[in-house]
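Summary of the model geometry
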Amino acid sequence: MQTPPKEMGNIALINHPSRENPFRSVVEGSRMPIVVTDPNQDDNPIVFANQAFVDLTGYDLDEIIGHNCRFLQGPDSDPEVRRLIGGALAEQHDIKIEVLNYRKNGTAFWNELYISPIHDDEGNLLYFFGSQLDCTLRRQAAARIVEANAQLERRVEERTRDLEQALRHREVLLHELQHRVKNNLQVMASLIRLQAGRSDSEAMKVGFENLLHRINALELIYRKLYTADAGPTLELGGYLAEICETLANFHGPDRGIVLDVRTRPCHVPVETALPLGLILNELVTNSFRHAFADRKTGTIRLKLEPLDGTRWELRIGDDGVGAAGGLDWETNNNLGLSLVKALAKQIRATVEVDGSAGTLFTLTFQAQAADARAGRSAAG
Ligand SMILES: Nc1ncnc2c1ncn2[C@@H]1O[C@H](COP(=O)(O)OP(=O)(O)OP(=O)(O)O)[C@@H](O)[C@H]1O
Ligand SMILES: [Mg+2]
């Protein structure tokens, strides 16, 4: 094999006329399309192109050699890309860039082009080496992914909009429903008040009053749900305090009975708040009615506080006559305490009754875990 002179650069080796030149064979046989241009000739023509370049572009070798690479450009080639390549050539630095090129038959393909200058040992520019890679499929796949993503995002946005609209619609309906329930309960309360006013029997009057207060406790919840930006939960302490206030006003603030209400913020679902409100209504009504019969003054206490994180304790008591007033929690069958038992069972609350010094009901119930946490931190 004839070895080319050592002092020749690599490109010179490739261009060495010997058919036995191994470098030329490697570059010619490479599956990567390769061209070499000569910037020292007018218009920087191609002086070498391998078979892979011929295959890629569809041009014959004699249509390639001696021509500037711009024959690969076409109607949609980007002038900005052309400007960048021109700049790299002028400044003699390498550049890797994707360009839209055209084959001889007019079909376009994306070309991942790499151009680098080749200098001699003195730094003089000899050639530009250009390798190409048809990256059309990769770009099409990437474009398809981008389009699929955009489509997906559009669909998610549309679905979110639909859901938000449905949710707003549902909220409006729920709001309207709460409003109507509240109004209907108010109408019922007015009717009962009218009926009580026309009743001659004291027992009937008391019965109507009891009914009125039970309906008030219900109405108050719907009023709160309707007015507040209430979510699915309700602040129990505020609700119970309001029931106490209504009862105190009804039973006469001038009676010398003090209400001592201490609550911590406790958010519970309406299904828990409502039974607790009705229980409180019965027990505080009982205190007003039965605890202080022969006394001028007294205190009714309400305390709501967290126990162990998930459970809360509600204490309702008075310093009145206690067990001596006739309270028998176990055997009593009157409606008031029967309601208390049934409602406590409904929310799985435990009830302890102490009639030794006044009357004290201690209920423990489950609040939502998140609210119990809030309560614990509030209890600090
Ligand atoms: N805080 C209290 N202090 C003293 N006695 C009480 C107290 N609470 C209840 N009692 C006694 O327990 C009885 C039962 O109470 P309960 O609430 O079940 O019935 P009521 O108040 O008599 O009637 P209603 O069914 O209308 O409530 C009362 O009649 C009363 O004698
Ligand atoms: Mg009662």
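Predicted model only: the values in this text are computed from it and were never measured. Along each chain, the written sequence defines residue order, and numbers are assigned to residues from 1. For this description, chains carry letters from A and ligands carry numbers from 1, given in the order in which they are written. For this predicted model, a pLDDT threshold of at least 70 governs which residues receive local features, and a threshold of 80 or more governs which side-chain atom pairs are given and counted, while totals over whole chains, interfaces and linings are taken from all residues. Hydrogens and water are ignored here; the side-chain numbers use all heavy atoms of the structure.

1. Some points on the sheet that holds strand β2 (residues 46-49)
- Between any two strands, at least two bridges found by DSSP are needed for them to pair. Helix and strand assignments follow DSSP, with helices taken as H or I runs no shorter than four residues and strands as E runs no shorter than two, numbered in order from the N terminus. Taken together, the 5 strands give an open sheet; going across it, the order is β2-β1-β5-β4-β3, and neighbouring strands pair in antiparallel fashion. The outermost strands of the open sheet, each flanked by one partner alone, are β2 and β3 (95-102). Looking at each pair of strands side by side, their axes are set apart by 30° on average, direction ignored.
- Bridge analysis of strand β4 (residues 108-119) against strand β5 (residues 125-131) gives 6 bridges, and the strand direction is antiparallel. Each axis is a line fitted through C-alpha atoms, and for a helix only the stretch in contact is used; angles between axes span 0 to 180 degrees, taken between their N-to-C directions.

2. So, the UniProt feature "domain: PAC" (unreviewed entry) in the protein
- Listed under "domain: PAC" (unreviewed entry) in the UniProt record, and renumbered for this structure, are residues 93-147.
- Within residues 93-147, the helical portion is 22% and the strand portion 49%, while the C-alpha atoms at the span's ends are 35 Å from each other. UniProt positions are given in the numbering used here, feature names are shortened, and annotations may be inferred rather than shown by experiment.

3. Focus on the packing of aromatic side chains
- The rule is short: rings of Phe, Tyr and Trp, with Trp giving its six-membered ring, pair when the centres are within 6.5 Å, and they are stacked under 30 degrees, edge-to-face over 60, tilted in between. Going through the model one piece at a time under the given rule, you end up with 2 aromatic pairs.
- Note on Y59 and F71: the rings are 4.9 Å apart at their centroids and 75° apart in plane angle, and the pair reads as edge-to-face. Note that Y59 is positioned in the loop between α3 (51-57) and α4 (61-64) and F71 in the loop between α4 and α5 (79-91), a separation of 12 residues in sequence.
- Between W329 and F361, the ring centres sit 5.5 Å apart and the planes meet at 85°, which makes this aromatic pair edge-to-face. Within this pair, whereas W329 is found in the loop between β10 (311-318) and α10 (335-346), its partner F361 is found in strand β12 (residues 359-366), the two being separated by 32 residues in sequence. Each member of the pair, W329 as well as F361, is classed as buried.
- Whether a charge sits over a ring comes down to the Lys NZ or Arg CZ being within 6 Å of the ring centre and within 35 degrees of the ring normal. The ring of W110 has R139 sitting right over it, with the charged end atom 3.5 Å from the ring centre.
- A cation over an aromatic ring shows up here: K341 above the ring of W329, its NZ or CZ 5.0 Å from the ring centre. Only protein chains enter the accessibility calculation, which uses a 1.4 Å probe; a residue is then buried when its area is under 20% of its type maximum, exposed when over 50%, and partly exposed in between.

4. Overview of the pairing of β5
- Taking burial as the measure, the 7 residues of β5 include 5 buried ones, the bulk of the element.
- Of the strand pairs in this sheet, strand β1 (residues 34-37) and β5 are connected by 4 bridges, and their pairing is antiparallel. Considered in β5, the bridge of V35 is made with G130.
- Hairpin connection between β4 and β5: a loop of 5 residues separates the two successive antiparallel strands, and G123 in this loop has a positive phi of roughly 90°.

5. Section: the site of ligand 1
- When we say a residue is near a molecule or strand, we mean one of its heavy atoms is within 4 Å of it. In the vicinity of ligand 1 lie 18 residues, with N210, N286, H290, G336 and L337 positioned nearest.
- Polar contact criterion, stated in full: a pair of N or O atoms within 3.5 Å, where within protein one must be able to donate a hydrogen and the other to accept it, and residues adjacent in sequence count only if both atoms are side-chain atoms. Here an oxygen atom of ligand 1 sits 2.6 Å away from a polar atom, N or O, in the side chain of N210.
- Measuring from an oxygen atom of ligand 1, one finds a backbone N or O atom of L337 at 2.8 Å.
- Here ligand 1, which alone exposes 590 Å², has 86% of that area covered by the protein.
- Going through the elements one at a time, α9 (270-291) and α10 are the ones with two or more residues in the shell around ligand 1.
- With 5 residues, the top contributor of residues to the shell around ligand 1 is α9.
- Just so you know the grouping, Ala, Val, Leu, Ile, Met, Phe, Trp, Tyr, Cys and Pro go in nonpolar, Asp, Glu, Lys and Arg go in charged, and all remaining residues, Gly too, go in polar. Taken together, the residues of the shell around ligand 1 break down into 5 nonpolar, 11 polar and 2 charged. Reported accessibility uses the Shrake-Rupley method at a 1.4 Å probe radius. Residues are deemed covered only where the shown protein chains occlude them.

6. Regarding the domain arrangement of the protein
- In terms of domains, the protein is made up of domain 1 (10-134), domain 2 (138-231) and domain 3 (232-380).
- Here the bounds of each domain stem from an automatic or database domain assignment. Averaged C-alpha coordinates put domain 1 and domain 3 at centres separated by 91 Å.

7. A word on the environment of G130
- In this structure, G130 sits in strand β5.
- Residue class for G130 comes out buried when judged on its relative accessible area of 6%.
- Sequence spacing of G130 and G322 is 192 residues, and the spatial spacing of their C-alpha atoms is 103 Å.
- Each residue touching G130, except ones within four places of it in the same chain, is listed here: P33, I34, V35, Y114 and I115. Residues are treated as being in contact if the distance between any of their heavy atoms lies within 4.5 Å.

8. A few points about the pattern of salt bridges
- Criterion for a salt bridge: a side-chain nitrogen of Lys or Arg within 4 Å of a carboxyl oxygen of Asp or Glu. Within the structure shown, the criterion is met by 18 salt bridges.
- Linking E242 and K224 is a salt bridge whose minimum nitrogen-to-oxygen distance equals 3.0 Å. Of this pair, E242 sits in helix α8 (residues 236-251) while K224 is found in helix α7 (residues 202-227), placing the two residues 18 residues apart along the sequence.
- Put simply, K96, E98, E112, R138 and R139 are held in one network by salt bridges that share partners.

9. Thoughts on α5
- Helix span is expected to be 1.5 Å times the residue number reduced by one. Counted at 1.5 Å a residue, the expected span for α5 with its 13 residues is 18 Å, and the 18 Å between its end C-alpha atoms agrees.
- Of the residues making up α5, those classed as buried are V81, I85 and A88. Seen end-on, α5 carries its buried residues on one side only, within an arc spanning 60°. In α5, the exposed positions that point more than 90 degrees away from the buried face belong to P79, R83, A90 and E91.
- Next to the buried residues of α5 lie β3 and β4.
- Put simply, D78 is the residue that caps the front of α5, since its side-chain oxygen is 3.0 Å from the backbone nitrogen of E80.
- Immediately downstream of α5, the backbone of Q92 shows phi near 55°, a positive value. For this quantity, the arc is that covered by the directions from the helix axis to the C-beta atoms.

10. Here we look at unusual backbone geometry
- Backbone geometry places D43, a non-glycine residue, at a positive phi of 70°.
- Tracing the chain through its elements places D43 in the loop between β1 and β2.
- Although it is not a glycine, N44 adopts a positive phi angle of roughly 50°.
- Note that N44 resides in the loop between β1 and β2.
- Of the residues examined, N44 reaches a relative accessible area of 15% and is grouped as buried.

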